[in-house]
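What follows is the residue order along each chain.
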Number of protein chains: 2
Amino acid sequence: MAPQDDNVDAVEEAMVAEVEKKPIATIVIIIAMQTEALPLVNKFQLIEDHDSVFPKGVPWVRYHGTYKDLFINIIWPGKDAVLGVDSVGTVSASLVTYASIQALQPDLIINAGTAGGFKAKGANIGDVVMVSDVAFHDRRIPIPVFDQYGIGARRTFSTPKLVKELDLKVGKLSTGDSLDMSPQDEAAINANDATVKDMEGAAVAYVADLLSVPAIFIKAVTDIVDGDKPTAEEFLQNLVAVTAALDQAVTKAVDFISGKCLSEL
Amino acid sequence: MAPQDDNVDAVEEAMVAEVEKKPIATIVIIIAMQTEALPLVNKFQLIEDHDSVFPKGVPWVRYHGTYKDLFINIIWPGKDAVLGVDSVGTVSASLVTYASIQALQPDLIINAGTAGGFKAKGANIGDVVMVSDVAFHDRRIPIPVFDQYGIGARRTFSTPKLVKELDLKVGKLSTGDSLDMSPQDEAAINANDATVKDMEGAAVAYVADLLSVPAIFIKAVTDIVDGDKPTAEEFLQNLVAVTAALDQAVTKAVDFISGKCLSEL
């Protein structure tokens, strides 16, 4: 990598500081499942995009509208064209994050969704967690430095005032493409010190970081991973009820964000 | 999903047939590691893009130039900005595939790279395999239909004449974000009937399919996964030598493709 120029750094820092003082105007909310997205679409009275900002062929759906001082875009990766199920997981999440940033230039990304929680870390069904750090737990590359790249640990955009206002639990998130948890996943999740586990967060964070867009992660616990019940069963049982808690938290977050600049979060 | 209109289908089929009869003009070759890419960059005398077609901030590198009748673009996801290692794996591969298609509208994508091979399926170190089918082995979602989405099995673009010309082995590819193989991965790889295992292919295939660009996959075996040696060690030992075999095969493939249309492959 080329050495950085100090002057360029200083200019960039000044620009970042300037951006952080402007009121947040455009937000992108990335939500993997339709069940999670639709109550928020209704709450914010968003309408579906019929002249898509995305290319022909992709199933990605954008709902958009103005709510208070914000231009809100809820991006749902849509249903798989062949199988008809939500396009969950890191590949779709990365792609919609990238394409949304390119098309909409948001000031802030919110990745909201359901997650598995660890009771050993104090999580309960229905908890809503603001994520402080993300990492992957299913990208094992046992070669020096590549191992760290695989884990992909990074801090999220810090929002201490928002956390206080919403009275949310704060915890770390570990991301992988499986709904279940293998022993190898479990070891990595423990190493990641995760309170919650999802299938998108760290990928959204990676892309947002690449393109220098601040991103926050609000995750609601549908199932206890280190509990007695099978994850898939518990997840499906609690999905609708927990989604209500998630949507309430996201609404409160959006209400708080409206009219503020990044440095006020 | 909306029911398909038969007339639209017929028009689309006619358009596809038309495209398949035009000579291939632009190809994108996606290669995850610099070590794999540079010999081909030299072979085709490509130059690095200094006015990037990609957004500011991404580490993705494009090498481009004209070789015979083709406009060739080799896309390498580049080094991680913080860690300095190649941006391997499905997230980066998906992103560069998407961004390359958007920027370059290629007629054909070639994903070339090294892979682990299974001696139980007849693979040896140095073998170059043309991939007939791809699937993921680390996306376990044990909910009906979601399970199939997770596996993401799909056929690649069929190139029977190219396979015959190059006298390549043909086999199935299984993709996951780990270099090693957990027992759960192994079971899924067996279910996928894979001869080779990599960290990008099924993700490239997914994105190419979304955007209706034909894609082929040429994978060279650096290590025997079901052998005695540790994968990481064997991989690093053989990387350079096997890359030579890979690059020779890709060069022959490009020579064969030049001047032909898709239906002649």
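Computed from a predicted structure; not experimentally measured.

## Quick look at the overall build of chain A
Assigned secondary structure in chain A consists of 8 helices and 10 strands. Relative to a compact globule of 265 residues, whose C-alpha radius of gyration would be 18 Å, chain A shows 18 Å and is just as compact. Overall, the C-alpha framework of chain A stretches about 50 × 45 × 40 Å when taken along its three principal axes. In chain A, which comprises 265 residues, the share counted as buried stands at 60%. Counting only carbon and sulfur atoms, one obtains 52% of the accessible surface of chain A, whose full area is about 10,900 Å². When the 22 basic and 37 acidic side-chain charges of chain A are each reduced to a single mean position, those positions are 4 Å apart.

## So, the interface of chain A and chain B
Contact with chain A, which involves 53 residues of that partner, is made by 53 residues of chain B. Taken together, the two surfaces of chain A and chain B that pack against each other cover about 4,500 Å², and 67% of this comes from carbon and sulfur. Notably, a salt bridge pairs Arg 140 of chain A with Asp 180 of chain B, separated by 2.9 Å at the nearest N-O pair. Summed over the shared surface of chain A and chain B, the number is 16 residue pairs in polar contact (both at pLDDT 80 or more). The set of elements that each furnish at least two residues to the side of chain A that touches chain B consists of α3 (90–104), α4 (146–151), α6 (183–191), α7 (201–210) and α8 (231–257) of chain A. Considering every element that reaches the side of chain A that touches chain B, the biggest residue donor is α3 of chain A, with 8 residues. Across the side of chain A that touches chain B, the residue classes tally to 32 nonpolar, 11 polar and 10 charged.

## Some thoughts on the relation of the copies chain A and chain B
Comparison of the two chain copies shows a relationship of rotation about an axis with a shift along it. Its rotation angle being 180°, the transformation that places chain A on chain B also includes 0.0 Å of axial translation and leaves an RMSD of 0.0 Å. What the superposition gives is, in effect, a two-fold axis relating one chain to the other. Here 100% of the contact residues of chain A are again contact residues in chain B; the copies associate through an equivalent surface.

## Considerations on the packing of α3 of chain A against α7 of chain A
Helix-helix packing is described using two parameters, namely the angle between the two axes and the distance between the axes. Residues and elements named next belong to chain A. For the pair α3 and α7, the least separation of the axes is 8 Å and the interaxial angle reads 30°. By the angle class used here, α3 and α7 are roughly parallel. As for how α3 packs across α7, the hand of that crossing is right-handed. Between α3 and α7, the contacting residues are Thr 90, Ala 93, Ser 94, Thr 97, Tyr 98 and Ile 101 on the first element and Ala 203, Val 204, Val 207 and Ala 208 on the second. Each residue belonging to the contact of α3 with α7 can be placed in one class, and the counts come to 7 nonpolar, 3 polar and no charged.

## Describing helix α7 (residues 201–210) of chain B
Residues and elements named next belong to chain B. For α7, the buried fraction is high: 9 of the 10 residues fall into the buried class. Those residues of α7 that fall on the buried side of the exposure criterion are Gly 201, Ala 202, Ala 203, Val 204, Ala 205, Tyr 206, Val 207, Ala 208 and Leu 210. Just beyond α7, the residue with positive phi is Ser 212, at close to 55°.

## Things to note about the nonpolar core
With 100 residues, the main nonpolar core has Trp 60 and Ile 109 of chain A together with Trp 60 and Ile 109 of chain B as its most contacted residues. Residue contacts for Trp 60 of chain B: discarding those within four places in its chain leaves Tyr 98 and Leu 210 of chain A together with Phe 54, Pro 55, Trp 76, Pro 77, Gly 78, Leu 95, Val 96 and Ala 99 of chain B.

## Some remarks on the side chain of Asp 138 of chain B
Mapped onto the elements of the fold, Asp 138 of chain B is located in the loop between β6 (128–136) and α4 (146–151). No salt bridge is formed by the buried Asp 138 of chain B; the nearest opposite charge belongs to Arg 139 of chain B, separated by 5.6 Å. Of note is the side chain of Asp 138 of chain B, whose polar atom sits 2.8 Å from the backbone nitrogen of Asp 177 of chain B. Each residue touching Asp 138 of chain B, except ones within four places of it in the same chain, is listed here: Asp 138, Asp 177 and Ser 178 of chain A together with Thr 175, Gly 176, Asp 177, Ser 178 and Asp 185 of chain B.

## A word on the packing of aromatic side chains
Tallied over the entire structure, the rule returns 7 aromatic pairs over all chains. Both rings, one in Trp 60 of chain A and one in Tyr 98 of chain B, keep their centres 5.4 Å apart while their planes meet at 45°; by these two values the pair is tilted. Pair noted here: Trp 60 of chain A is in the loop between β2 (47–48) and β3 (61–67) and Tyr 98 of chain B is in helix α3 (residues 90–104), and the two residues belong to different chains. For the residue pair Trp 60 of chain A and Tyr 98 of chain B, the accessibility class agrees, reading buried in each case. With a centroid separation of 6.0 Å and 85° between ring planes, the pair formed by Tyr 98 of chain A and Tyr 98 of chain B is classed as edge-to-face. With one member in each of two chains, Tyr 98 of chain A in helix α3 and Tyr 98 of chain B in helix α3 form a pair that bridges those chains. Relative accessible area serves as the criterion here: at 5%, Tyr 98 of chain A is assigned to the buried category. Counting every residue linked through ring pairs, the aromatic cluster contains Phe 54, Trp 60 and Tyr 98 of chain A together with Phe 54, Trp 60 and Tyr 98 of chain B.

## Quick notes on the packing of helix α2 (residues 34–43) of chain B against helix α8 (residues 231–257) of chain B
Residues and elements named next belong to chain B. Two elements in contact, α2 and α8, have axes whose closest approach is 9 Å; the angle formed by their N-to-C orientations is 45°. If you check the angle between α2 and α8, you find them oblique. Crossing of α2 against α8: the hand is right-handed. Taking contact as the criterion, the partners of Thr 35, Glu 36, Pro 39, Leu 40 and Lys 43 in α2 are, on α8, Leu 239, Val 240, Thr 243, Asp 247, Val 250 and Thr 251. Here the contact of α2 with α8 is composed, by residue class, of 5 nonpolar, 3 polar and 3 charged.

## Focus: the pairing of strand β5 (residues 108–117) of chain B
All names here are of chain B. In terms of burial, β5 is a largely internal element, 10 of the 10 residues being buried. Relative to β5, strand β1 (residues 26–30) runs parallel, the two sharing 4 bridges. Bridge pairing in β5 places Ile 30 opposite Asn 111. As paired elements, β5 and strand β10 (residues 215–224) share 9 bridges and run parallel to each other. Along β10, the bridge assignment pairs Gly 113 with Lys 219. Here β5 runs beside strand β9 (residues 196–198); their pairing, made up of 2 bridges, is antiparallel. Bridged to Gly 116 within β9 is Lys 197.

Thresholds, definitions, all that
Residues numbered from 1 in each chain as written. Chains lettered and ligands numbered in written order. Predicted model: local features only at pLDDT ≥ 70, side-chain atom pairs only at ≥ 80, totals over all residues. Heavy atoms only, no water. Helix = DSSP H or I, 4+ residues; strand = E, 2+ residues; numbered from the N terminus. Rg over C-alpha atoms; globule rule 2.2 N^0.38 Å. Buried < 20%, exposed > 50% of the residue type's maximum accessible area, 1.4 Å probe, protein only. Areas by Shrake-Rupley, 256 points an atom, 1.4 Å probe, with all protein chains shown as cover. Lys, Arg positive; Asp, Glu negative; His and termini not counted. Charge placed at Lys NZ, Arg CZ, Asp CG, Glu CD. Contact = heavy atoms within 4.5 Å. Buried area = accessible area lost by both parts, 1.4 Å probe. Salt bridge = Lys/Arg side-chain N within 4 Å of Asp/Glu carboxyl O. Polar contact = N/O pair within 3.5 Å; in protein donor to acceptor, adjacent residues only side chain to side chain. Nonpolar A, V, L, I, M, F, W, Y, C, P; charged D, E, K, R; others polar. Least-squares fit on C-alpha atoms with pLDDT ≥ 70 in both. Axes fitted to C-alpha atoms, helices over the stretch in contact; angles between N-to-C directions. Parallel < 35°, antiparallel > 145°, perpendicular 65-115°, else oblique. Left-handed = near helix turned anticlockwise from the far one by under 90°. Core = buried A, V, L, I, M, F, W, Y, C linked by side-chain atoms within 4.5 Å. Phe/Tyr/Trp six-rings, centres within 6.5 Å; stacked < 30°, edge-to-face > 60°. Pairing = 2+ DSSP bridges.

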